[in-house]
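Observations on the three-dimensional arrangement
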Amino acid sequence: MMTLKPLADNVVIKSCEAEETTKSGIVLASTAKEKPQIAEVVAVGEGGMVDGKEIKMTVKAGDKVIAAKYAGTEIKLDGVEYTILRQSEILAIVE
């Protein structure tokens, strides 16, 4: 099994499962589901100097975050889908 170690200010996230039903109880087909914006942080880069600026990482592995809808690069590793994005593309930490 491979592991991902992001570099600089990059973060690896894994999307949380999308809702199977609407609030009114209608079951959604897999094609009708939107890509979930809430994800779990799997791995975090070390930060440091990026483009001449000091970047401090404020997210950590295990955090639930909301990422920009079309942010990052999607990859599939060992059958699991991940997204690699910059910390600046994370909009909020869900507490």
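Before reading further, recall that the structure is shown in the block above.
Residues numbered from 1 in each chain as written. Predicted model: local features only at pLDDT ≥ 70, side-chain atom pairs only at ≥ 80, totals over all residues. Heavy atoms only, no water.

1. Some details on the overall build of the chain
Along the backbone of the chain there are zero helices and eight strands. If you list the helices and strands of the chain from N to C, you get β-β-β-β-β-β-β-β. Burial analysis of the chain (95 residues in total) assigns 24% to the buried set. Per element, the accessible surface of the chain, about 6800 Å² overall, is 54% carbon and sulfur. (Helix = DSSP H or I, 4+ residues; strand = E, 2+ residues; numbered from the N terminus. Buried < 20%, exposed > 50% of the residue type's maximum accessible area, 1.4 Å probe, protein only. Areas by Shrake-Rupley, 256 points an atom, 1.4 Å probe, with all protein chains shown as cover.)

2. Quick word on the nonpolar core
If you look at the biggest cluster of nonpolar residues, it comprises 10 residues: Val11, Ile13, Ala39, Val41, Val59, Val65, Ala67, Ala71, Leu85 and Ile90. The residues contacting Val65, other than those within four sequence positions of it, are Ile13, Gln37, Ile38, Ala39, Val41, Val59, Ile90, Ala92, Ile93 and Val94. (Core = buried A, V, L, I, M, F, W, Y, C linked by side-chain atoms within 4.5 Å. Contact = heavy atoms within 4.5 Å.)

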